[in-house]
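This is what each chain is made of:
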Amino acid sequence: MKRAPIRDILWLFFNTRLLLLLVTYVSYILLTAHQYSTNGVDVAAFFSSWNRWDAANYVRIAEFGYQTRFDVAFFPLYPLLIALISFPFGHWAYLPVGTLISNLALLGALFVMYQLAVDSEGEEVASRTLLYLCIFPTALFFFAAYNESLFLFLTSASFLAMRRQRWWLAGLLGFFAALTRSAGVLLVLPYLYELWISQSGRRDMLLKLLPIVLIPLGTLLYCLYCWQIRGDPLAFANLQYHWGRQFTWPWQAIIQGFVEIFWIQPFGSFYEVHSVLDLSATLAFIVLTIVGWRKLRTSYNLWMVLLVVYTLFSSTITKDDPLLSNQRFILEMFPAFITLASLSIRHPRLHQALIMLFPALLATLSILFITNHWMV
């Protein structure tokens, strides 16, 4: 097992955190302070500028519990961790603790993903995989109090445990992943594949199959909780209409995305830009899934396909942006970043384009987020 370059990973982690803090400082002050004013901005408001959108929901749920019927759409592990750590310190601690958990989970994910990437493609690909993940346009959600980092860490760590044939650990990590996001239960299929190719005897196979029960158990426990408080075990799915989500065939939202961009939305409209970003991200990661099919481990490919299809089965085709939030959802598809890194090594100009485009979009979307403008 190749040892991860601790110093390089820490350098990448802290410098990208510093970049986001710098963007916050400059943009928040310049965009909220009065022109030519010598007065400082509200310090409390400055430090809470990342408490936006779903971050505010997670922090509120952590402090006060599931209050509204729509709150159950937010899976429990992340707000529970925030609550357990913050409770002794009082109200002020919930947002900082949520942000800290998100960033520490990202750091853990970087070490795990390095091992996965170096096993598949080597050190250079592994290093670029982490770089692209950290500067990706929506990587700001790894900094904010969202559960993206936690889910990425748990799922990638579960894959690493499968690779090392540590089945109980893989199952336990899958259990926690299923308590973090609804897509966590999909780890069952990669687990079955990795177990199948492990070439165990029949008796060993049955013993190693037992831990797989832990993965759907996470989802089942949350279903029981939803049943207890809302009378509907699938309330987290059935309430998605609140955000415009409904069952769709995978191709419907993609077609509708093109229609919105080239037919319905006027040039330069707010929703045209949103649709361009979401459609581009979706198509790019579908392409990366196809390109990486013969190069990556089959379980990684299976995970990619499952996540893509799972996302497209629940689209927002009744809204002006039919692929709403896909820029954020694709952050979970870690094998795509490995494929992208591999491609950039063979095509240096692709790498040059990415290191110019990604940070620029990351800064732009971060500014939108901290100034409370809706983006994904």
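Summarised in this report is the structure supplied together with it. (Residues numbered from 1 in each chain as written. Predicted model: local features only at pLDDT ≥ 70, side-chain atom pairs only at ≥ 80, totals over all residues. Heavy atoms only, no water.)

## Notes on helix H17 (residues 334–346)
With eleven of its 13 residues buried, H17 lies for the most part within the structure. The set of residues buried in H17 consists of Phe334, Pro335, Ala336, Phe337, Ile338, Thr339, Leu340, Ala341, Ser342, Leu343 and Ser344. Residues of H17 that are buried in the fold lie against helix H5 (94–121), helix H6 (123–135), helix H7 (148–163), helix H14 (270–291), helix H15 (298–312) and helix H18 (348–370). (Buried < 20%, exposed > 50% of the residue type's maximum accessible area, 1.4 Å probe, protein only. Helix = DSSP H or I, 4+ residues; strand = E, 2+ residues; numbered from the N terminus. Contact = heavy atoms within 4.5 Å.)

## So, the packing of aromatic side chains
Tallied over the entire structure, the rule returns 41 aromatic pairs. For the pair Phe46 and Phe47, a centre-to-centre distance of 5.2 Å together with 80 degrees between the ring planes defines the contact as edge-to-face. On the basis of relative accessibility, which here comes to 16%, the residue Phe46 falls in the buried class. Their ring planes at 10 degrees and their centres at 6.2 Å tell us that Phe258 and Phe262 sit as a pair that is stacked. Residue Phe258 and its partner Phe262 are located together in helix H13 (residues 250–264), separated by four residues, close to a single helical turn. Taking relative accessible area as the criterion, Phe258 reaches 37% and is therefore assigned partly exposed. Its relative accessible area of 65% is what places Phe262 among the exposed residues. What links up through ring pairs into an aromatic cluster is the set Trp50, Tyr58, Phe70, Phe74, Tyr78, Phe141, Phe143, Tyr146, Tyr241, Trp243 and Phe369. Seen from the ring of Phe151, Arg181 lies directly overhead, with NZ or CZ sitting 5.8 Å from the centre. (Phe/Tyr/Trp six-rings, centres within 6.5 Å; stacked < 30°, edge-to-face > 60°. Lys NZ or Arg CZ within 6 Å of the ring centre and 35° of its normal.)

## Some details on the packing of H7 against helix H9 (residues 188–196)
A pair of packed helices is characterised by two quantities: the angle between their axes and the separation of those axes. At a minimum axis separation of 10 Å, H7 and H9 run at an interaxial angle of 15 degrees. Relative to H9, the element H7 is oriented roughly parallel. Here H7 runs over H9; the crossing is right-handed. Side by side, H7 and H9 meet where Phe159, Met162 and Arg163 of the first sit next to Pro190, Tyr191 and Glu194 of the second. (Axes fitted to C-alpha atoms, helices over the stretch in contact; angles between N-to-C directions. Parallel < 35°, antiparallel > 145°, perpendicular 65-115°, else oblique. Left-handed = near helix turned anticlockwise from the far one by under 90°.)

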